[in-house]
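# Examining the three-dimensional arrangement
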Amino acid sequence: MFAFSHREPVIGRYGAQKMGGKWLEGREMELTVRRRQYGPEQWSDILKRHGFTTTDAQALPNPDPDRAALGTLLITATFAP
């Protein structure tokens, strides 16, 4: 099984997205990386095209209803050679 998660995507903003921040303790300079952001259907399609046979991708809402923050996208897939 292959599983991963990332922030729920912002509608209309897919593909490579820049992320910046001082993630490592003691870091003086900001670190910028690119991550891939897709919706549930897009991730399922990508994984199936790469040989995964069963996929599940779902957006889990933010557990705090008083916050307008995005939820979490949880993706799982299995591979059968």
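Preceding this section is the structure that the text describes.
A short tour of the structure in this document, coming up. (Residues numbered from 1 in each chain as written. Predicted model: local features only at pLDDT ≥ 70, side-chain atom pairs only at ≥ 80, totals over all residues. Heavy atoms only, no water.)

## Regarding the nonpolar core
Threshold: Put simply, a nonpolar core is a bunch of buried Ala, Val, Leu, Ile, Met, Phe, Trp, Tyr and Cys residues held in one set by side-chain atoms that sit within 4.5 Å of each other. Whether a residue is buried, partly exposed or exposed follows from its accessible area with a 1.4 Å probe, protein chains only, as a fraction of its type maximum: under 20%, in between, or over 50%, in that order. Strands here mean DSSP runs of E at least two residues long; helices mean DSSP runs of H or I at least four residues long; both are numbered from the N terminus. Contacts: residue pairs with any heavy atoms within 4.5 Å of one another.
Core analysis: the biggest nonpolar cluster contains nine residues, these being Tyr38, Trp43, Ile46, Leu47, Phe52, Ala57, Leu73, Ile75 and Ala77. Of all the elements in the fold, those that place two or more residues in this core are α1 (40-49), β4 (52-60) and β5 (72-79). Once you skip the residues sitting within four places of it in the chain, Leu73 turns out to touch Phe4, Ser5, His6, Arg7, Glu8, Pro9, Tyr38, Gly39, Pro40, Trp43, Gln58 and Ala59.

## Here's the deal with the side chain of His6
Mapped onto the elements of the fold, His6 is located in strand β1 (residues 2-7). In this structure His6 touches Arg35, Arg36, Gln37, Tyr38, Trp43, Thr72 and Leu73, once residues within four positions along its chain are discounted.

## Description of the packing of aromatic side chains
Basically, it comes down to this: Ring pairs shown here join Phe, Tyr and Trp side chains whose ring centres sit within 6.5 Å, with only the six-membered ring taken for Trp; geometry is labelled stacked below 30 degrees between planes, edge-to-face above 60, and tilted in between.
Here the structure, examined in full by the defined rule, presents five aromatic pairs. Plain terms: the ring middles of Phe2 and Phe4 are 5.3 Å apart, the flat faces sit at 45 degrees to each other, and that makes the pair tilted. Look at Phe52 and Phe79: their rings are 5.6 Å apart centre to centre, the planes differ by 70 degrees, and that puts the pair in the edge-to-face class. Here Phe79 lies in strand β5 and Phe52 lies in strand β4, a separation of 27 residues in the sequence. What links up through ring pairs into an aromatic cluster is the set Phe2, Phe4, Tyr38, Trp43, Phe52 and Phe79.

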